[in-house]
Every structure is written in C-alpha cells, then in structure tokens.
Amino acid sequence: MSYHYRLDGGSLAISSPRTDQDIGTYQCLATNSLGTILSQKAKLQFAYIEDFETKTRSTVSVREGQGVVLLCGPPPHFGDLSYAWTFNDNPLYVQEDNRRFVSQETGNLYIAKVEPSDVGNYTCFITNKEAQRSVQGPPTPLVQRTDGVMGEYEPKIEVRFPETIQAAKDSFVKLECFALGNPVPDISWRRLDGSPLPGKVKYSKSQAILEIPNFQQEDEGFYECIASNLRGRNLAKGQLIFYAPPEWEQKIQDTYLSIYDSLFWECKASGKPDPWYTWLKNGERLNLDERIQIENGTLIITMLNVSDSGIYQCAAENKYQIIYANAELKVLASAPDFSKNPLKKYSVVQVGGDIVIECKPNAFPRATISWKRGIESLRQSKRVFLLEDGSLKIYNVTRLDAGLYTCIATNQFGVAKNTGSLIIKERTVITVPPSTMDVTVGESIVLPCQVSRDPSVDVVFVWSFNGDVIDFKKGMAHFERIGGESVGDLMIRNIQLNHSGKYLCTVKTTLESLSADGDIIVRGPPGPPEDVRVKHISSTTCQLSWRPGSDNNSPIQIFSIQARTPFSVGWQAVSTVPEILNGKTFNATVVGLNPWVEYEFRVVAGNSIGIGEPSKPSELLRTKSSVPALAPTNINGGGGSRSELIITWESIPEELQNGEDFGYIVMLRPVGSTTWTKERVPSVESSRFIYRNENIIPLSPFEVKVGVYNKEGEGPLSTASIIYSGEDEPQLAPRGTSVQSFSASEMEVSWNAIAWNRNTGRVLGYEVLYWTDDSKESMIGKIRVSGNITTKNITGLKANTVYFASVRAYNTAGTGPSSPPVNVTTKKSPPSQPPANIAWKLTNSKLCLNWEHVKTMENESEVLGYKILYRQNRQSKTHILETNNTSAELLVPFEEDYLIEIRTVSDGGDGSSSEEIRIPKMSSLSSRGISVLEPSIHFLSVVLTIFVVLLFSHLYDE
C-alpha cells in the first residue's frame, strides 16, 4: 500500500492510474480470525481513442448505378465505438435506407447504387462512450465518372457477419448484412435448419441488421442472409454458438462437525462449456493427502481434527468466468452439556399410549447415553427402548411408569446428567358420538358429542361442517354450543336445507386429538320449478311445460298450476288436464280460461313435507277472443219522467267480455205486443239505458231483455223482466194532518192516507217537512216514510219551541202538493237539578230511601214524579221504580252490593240523575242496621257557600 494504492474499507483506490502499469486482473483477499476468503476476479482496462491522421484522403470516382464503399479507418483505440457519417456541410448524419448503410462493425459507409445526388464530400465520425470522446476523420470526396452509366448486375455482399460467433446467455446479438447491386438488392434472413426465426427478433429499416435480444440456448444455430435483385442473388451465412459463464446450482453451506467425524461437501454449477472445480482453504489451494479427497465438485475429509477448521471455497470455472461458493467448517471438541438442550421437565402421556423422552446433550464427539428410573438403571425390554439418538421410548404406558427419569451422557471429555418427570393421565374417549339424523326443515336438533376424560385434562370441542370449522364467536344464526366441560353438544336451531351434510366433532387435549362424525339429511318442500313455458294458446286453453326444481331430499309428489290476471286478487289455482299432476308430470293443458284476457302462469311443487316456493312467472300472454258467453243479470229499472222507460242491469266485468268492441243489446216491447224494439249500447261500462217515446202511457209495463256483443258476434240475452215506464208526480195532498208534542225534544206528526189511482198519481210514501217560526235559523227538516205509514215521530227538537209541519206524497217522478201546515209547541226542558240530600237506611233486606223535592226553574217542566234506577253490582240489567213521593222502599239481596240512581220525571222528559249510590252487601254490615246520608254536589256547594259568608262576616267585624 502507498499513495498510489490505498485501501478504503474493503475497496481498492488507485490514484492517478497509469494505463501501462495498472492494467490487469485484480483479486481481493478478506481475512479474520476464522480464515481467509478470495473475491471474484476484476479486470481493469482503460478506454481511449486517438485522433485521425490529418492527411487528405483520395477521391473516389464511380459511375452512376455502380456500388461504392467509403472507408472510415478508425485510429488506435480501446473500447466499443459507434460510427456515423455526414454529407457535405450538412450537420445531420447520413440517413440509412435500403440504398445506404453504415456498418457498426467496420465503420464504413456502403452505397448499393450511386445516384447523381450522392456526389460530394463524406466525413466519418467516431464516438467512444467509455472514453467519453468523439473524433472526426478527414473528408472523402465522391465524384461521378463521365464515361457512362453502370448497367444492371447481380448483388455483391460487402458486409458479412463472421462465420462463427460466440454469443453469451442473455446477451444482445446483432448480425449485419449489406450488398451492392443494380437494382438495389433486397435483404432477407432465415435459419438453415428450417426452423422459424425467433419471435423476439427485430430488423433495421433496411433489413440489413438482424437483432436477437436475450440470447438463449434455443437461438443457437446457422443463420443465412440473402441479397437478391432482378439479376440474381448472393448469400452469406454464419453460426451462432451459445456459451454461458458458470452459475451455481448447489452451493456449500456452513458446517459444524464433531472431532473425528467426516466432512462431505458437494458444489455444482452449470455453464457452457462445462466448468471445472478448484477447492481453496483460507484463500490457498487445498492440498490432497490421505484424509483429503477431491473429485470434481466433491470434497471429502475424514477423521476431522480441530486444525481442519477454517474458511473453504469451491471455485467453478470455464473459459469465460470463475465463480466462488464460500462456507465455514468448524470442528468441535467438548464434554457433554445439557445447558442448551435439557430434558423436558414434565413429560405427559396417557395410559396405553407411547412416549419418547428426548436426550440430546451437546457433546463432541457424540456421547454414550444411559438411563435411570429413580435410582435404578433402565434396561431394554419389550416396552422400553433406547433409540439411536439417545432418546428413551416407552410403549403401552401404565400408571406404574410414572416417576423421575435421568439421562447420563458420557464421552472422553467428561460426564453429564439431566432429570425429568413422567406424568401419566387417563385416556379421553368419545362416549356419545354424533349420530346420523333425518330431519325436516325448520326443526331444532341437538347433535351429541360427549366424552369421558382425566379430570386434570382440559378438553376443547371443535365442530366442523362439511370440512369448514364452525366459528361460534361470529354469532352464527343457527349454530350454538351447549353443554359443560365434558359435553360439547351442537344445537342447530331452525335448521335449513343448506345445513345438510357431514358434521365432525373433534375433541382436542394437550395430549391427543380424536373425532367422530355424523350425517344430517334435511328434508324440505321442493324448490321452485324452472323454465315454465306456454304454447298452443286458444280462447279458453293453453299448454304448459316445466322442469322440476330440487326435491330437497323428499320426492316430489304433486304439481299445481296457478294463474294471475289483471282482474284477479293474487294467484289463483286453475283447472288442468290431467286433473291430478303427479311428481313425474312435467306438462299439462290449462282449461277454463277466459277469452281475451292476459294471463301469467306459475307452477308449484309439493312433497310429503309441504308445498314449496312457486316458479318464476311465465311471460304475459293473452288468450284468443270469442263471442260473449254471459248475459247481464239483475235487469231492473222504472221511474224517470213521463214518456221514458229506464232500464238498468249489472254490467259484465272486463274479464268476461271475451273480446274487443264490447257492448250491450236492449230488447223491449209493451206487455201483450209481439214486436220487439232492439237498441245497441256500445259503451263498455254502461249499466243503464233510457228509452224515450212520447206515445208511452205513464206506468205502462214492458217486457225487457238485455244481451251482449263484441267483435266476434252477439252473445246470449237475459230472461225477460217486466219494467214500468215513467209516471207523473202525485196530484193530491194528504188530509187530516195533525201534530202533538210528547216531550221537550219530541213531537209526532200524523195524517190520513191518500186513496190514489193512475189518474191522481201513484203514492209510494210520504215526506214530512218541519220547521220553526224563527226565521234567523231557518231550520227545515225532511223525513220520508214508505208505504202506507201515516205517523212519524221526530226527535232532537228544541224545548219550548213552536214547530210547523206539513206532509206530501212522493213516487218515482217526484213529490206532490203539501198539506196545510200545522204547529205545536214542544214541552219545557226537564229539571236540570238532580234529587239532593239522599239518605238511606238498610235494615235486614229492606232499604229505605229519602230525598228532597226538586224545585224547577221557570223555563223547566214541573216535576211530576221520580224514577229510582237500581241494579246489582255484578249485573248490567237496570230495574226502574217510579213514585210520586220523595221516598221509596226496596228489597235488596243479602250477598250483593246495590247501585242506585234517582232522577226526576216531567212533561219535558226525564231530568238529571243523582250521583250513583253504592249500597254494601248485608254480610258486611251489622245486624242492627245502618243509616247513611249521601251529600250531593248541590248540598256540598250550599254548605261551602254558607261557610264562606260566615268567614267574611267575621273578618269584617274584626
């Protein structure tokens, strides 16, 4: 090391490098206490390019049509070069095409066929990228000869790729081929073995360069360039040979071996040509002796000693490169030691099981192993074995095998011991495994999984469904774990079809894992039928076909067909042929349809479990039209004006009209006549027709029939009905009208019936009109009675008010003249004050009541008497006792409470009731009887008023 060569960490720095002295191959050696290692080789070279010589270049003379080559002649250099040419003073480089080509191998400019525009000066430019320098050569003049034009000639290849080219793996290969000729030759490429060119190849614009990126073994072979024109062709060929520097397939690894052991190392590398191998230890070539054997990439060292420790390298080399694989060999020598690998403190096994107690102390060379149980040495038997690695294995363990076990390890450097305890547990057994079950959808079931176990062993139950573990923590809607420590039953609530499958209960402990399974078959109603199709549609029938859905583990027994129209309430079952559709029937004829109605159909399947979901609806289809089949019903009418016959009927629903242009036909004739009058009513929604004729006699009977028609023709007529023509209003007013008042809110109007005939007008009933003489309110009431009724009670009237009333007859044509008005004054209002100061005395079963007489106001009716309303507590029926006195006696039952009210009676009606009085049952009172004064609200208010007056008087005096 010096100023010129200096180490910077592990890097070598060369100051002011000299091209003549520092060029060459370098290698780094790294050393520490374990050994020395060699690095890859590094080759140092210096890129440069000198200037062109300055002497003038000779003029190149050619005929028009002749090919020419202008030489570049690069100066001395090292490193990759790139070439370009300029023409005259144009700063742009000469553009290559199928007539001009600049070779990046020779640097020369090739013109396949000279044209007059090519005459001028050409200059070659060279760039060395590594040296970061460009140089320019002297210009070369190109002139055209005047002794004629060059005729056509066959191609002559001037740029050829070598006959043999070594190409590295993954390299970028470039082949050049260019020819002179007249006409300008075309360039093409091919492989001589007939195989196609790789799809990854690329061409230059003129096809003069073939590029093969990422060169691989399969790209190796002979390639040919063909230059052709009208005069002939010329060929150039060469071989691409694949090579690859070494690459590791298997490297050596760090190895730690005991003294006296043997080392076996192998390294492998691929490459073309095949690499050869060299072994180094601590940077120096490994010398062979009787312990050390080397064969290609294999190194064997027997009877290792500590001095064999160090850093080893396997070098793989071919003529293109050398690579190294590195590893450390450490030869160990020590007494047995349990500090890193002690015996397991507690080993647990079940009765009847097998146990291995490992004993693996660190010992170099390997230790000899022996075992003790307690203080007794263990010997091999039918159940006890000492394994090759020193571990102890006991088969078919019993309770007697429990205790302390000691491993004793010995080699020439010393002895070591280590002890562990063996604990015996009872085996876990699944006593109640899951069973196979056949259930119906919607049920809730329990799959059992119960075990017997050692009390000190914890068990975990894990359930799986069709191979997937059930995670109860995720709150699954149907699955629930139930049971205690030894019970792991699975409850499935509201089981569904998708719960069919295999259920596995796995019982896990720290010592073992065991499982049992059961199958559940869930049966349910069938799935929806599929692919419902409708065809062959007539006015009343169509044909349906379908495919059955899933039977959900229960065979399909029956199908039914349902239909829906714009007029139906939801889906309705329809009649079919055959009438019963068993589980193997997949088509049927639907009958009984209405003509000219849009239908949708669906199919429902059933099995022993129930009826399944319906299929998807079929497409919406309309039945064909036909003549209406249903005649109108409820033919009625009558009334109206004179010269009118009003006819009514129930209209035919749209779904029964059977086609377009639907309407009604009305047939009528006077009773006794033989000639029918026919009228058409084209409105679909019509239910009424008025026939007008000035010659019709009022209230004349007519026979009437109503029929139907549509675009297809006329349908049936109804049966004949007798309907009367319109009539005149009644001509007579009722006589003998009178009115009387029964209470403050009620009056009765009466009159004499009218004896009518056809001339005076038919009477269907009477209309009572009533009003007051108070013009401000203009109250008018109107009530009708039918038939021969000649009285009418009118309620809801005002008290002490004059009411007027009048009566008139009515019929279908209207009302007749009114009778002269009569009047009456309604009674005064009933007393507003209820009976007060009610007292009662109960002796045995006799109840005596007393109260004060009610005084009425000027606008109220005089009290005529009193009503006692009484009922038993548990019954709703009320009994009434009337009296003109202010006292009364009642007999009451022994075991019942009584509820009593008292109200006034007057011309204006019943007055207000007292508060309800509860008379307790006799059994709750003493036998000597009891007297009670029930204060009324009125009484309490009087007492309160007296108290307030006295209080204010006292304050005033003070």
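Residues numbered from 1 in each chain as written. Predicted model: local features only at pLDDT ≥ 70, side-chain atom pairs only at ≥ 80, totals over all residues. Heavy atoms only, no water.

1. Overview of the overall build of the chain
In plain terms, the rule: We count a stretch as a helix when DSSP gives it H or I for four or more residues in a row; a strand needs E for two or more, and each element gets its number in order from the N terminus. The reference for a compact globule is 2.2 Å times residues^0.38; the radius of gyration itself is calculated from the C-alpha atoms. When a residue's accessible area, from a 1.4 Å probe over protein chains only, is under 20% of the maximum for its type it is buried; when over 50% it is exposed; and in between it is partly exposed. Any two residues whose heavy atoms approach within 4.5 Å at even a single point are treated as in contact. As used throughout, the charge tally considers Lys and Arg to be positive and Asp and Glu to be negative, leaving His and the chain termini uncounted. Charge placement uses NZ in Lys and CZ in Arg. For Asp and Glu, CG and CD serve respectively.
From N to C terminus, the chain includes one helix and 88 strands. Relative to the compact-globule value of 30 Å for 958 residues, the chain shows a C-alpha radius of gyration of 63 Å, a clear excess of over 25%. When the 958 residues of the chain are sorted by exposure, 40% land in the buried category. Intrachain contacts of the chain at a sequence separation of at least 6 include 63% that bridge at least 24 residues. The distance from the centre of the 95 positive side-chain charges to the centre of the 108 negative ones in the chain is 3 Å.

2. Side note on the packing of aromatic side chains
Convention followed: Within 6.5 Å between ring centres, the rings of Phe, Tyr and Trp (the latter by its six-membered ring) count as paired, and their orientation is classed by plane angle as stacked under 30 degrees, edge-to-face over 60, tilted in between. Criterion for a charge above a ring: Arg CZ or Lys NZ at most 6 Å from the ring centre, at most 35 degrees from the ring normal.
Considering all chains together, one arrives at 20 aromatic pairs under this definition. Look at W265 and Y312: their rings are 5.5 Å apart centre to centre, the planes differ by 65°, and that puts the pair in the edge-to-face class. Of this pair, W265 sits in strand β27 (residues 263-266) while Y312 sits in strand β33 (residues 310-318), placing them 47 residues apart in sequence. Note on W265: relative accessible area 4%, which makes it buried. In textbook terms, an aromatic cluster arises when at least three aromatic residues are bridged by ring pairs, as seen for F101, Y110 and F178. Stacked on the ring of W596, the Lys or Arg R622 has its end atom at 4.5 Å from the ring centre. Taking NZ or CZ as reference, R784 lies 3.9 Å from the ring centre of Y810, over its face.

3. A look at the UniProt feature "domain: Fibronectin type-III" (unreviewed entry) in the chain
We apply this condition: UniProt positions are given in the numbering used here, feature names are shortened, and annotations may be inferred rather than shown by experiment.
Under the feature "domain: Fibronectin type-III" (unreviewed entry), the UniProt entry names residues 528-626, 631-728, 733-829 and 830-924. Taken as a whole, residues 528-626 contains 0% helix and 45% strand, while its terminal C-alpha atoms sit 34 Å from one another.

4. Some points on the UniProt feature "domain: Ig-like" (unreviewed entry) in the chain
Under the local residue numbering, the UniProt record ascribes the feature "domain: Ig-like" (unreviewed entry) to residues 50-136, 155-236, 246-330, 336-423 and 427-515. Between the first and last C-alpha atoms of residues 50-136 the distance is 10 Å; the span itself is 0% helix and 41% strand. Strand forms 55% of residues 155-236 and helix 0%; the C-alpha atoms that close the span are 12 Å apart.

5. Quick word on the sheet that holds strand β46 (residues 437-440)
Defined as follows: Any two strands with at least two DSSP-identified bridges between them are counted as paired.
Here we have five strands laid out as an open sheet, ordered β46-β54-β53-β49-β50, and mixed in their pairing. If you trace the sheet from one side to the other, it starts and ends with β46 and β50 (468-469), each paired once. The pairing of strand β53 (residues 501-508) with strand β54 (residues 513-523) spans eight bridges and is antiparallel. Opposite K508, over in β54, you have S513 as the bridge partner.

6. Describing the environment of R533
Here is the rule we go by: A 3.5 Å cut-off defines polar contacts: any pair of N or O atoms within that distance qualifies, except that in protein one atom must be a possible hydrogen donor and the other a possible acceptor, and neighbouring residues in sequence count only when both atoms are side-chain atoms.
Checked against the element boundaries, R533 lands in strand β55 (residues 530-535). With 13 residues separating them in the primary sequence, R533 and W546 have C-alpha atoms 6.4 Å apart. R533 has contacts with Q543, L544 and S545, leaving out every residue within four places of it along the chain. Reaching out from R533, the side chain makes a polar contact with the side chain of D531 at a distance of 2.9 Å.

7. What to know about the sheet that holds strand β36 (residues 346-350)
Across the sheet, five strands lie side by side as β36-β44-β43-β39-β40; this open sheet has mixed pairing. Each of the sheet's edge strands pairs with one partner strand only, and the pair in question is β36 and β40 (376-377). The pairing of β36 with strand β44 (residues 414-425) spans five bridges and is parallel. What sits directly across from Q350, in β44, is K425.

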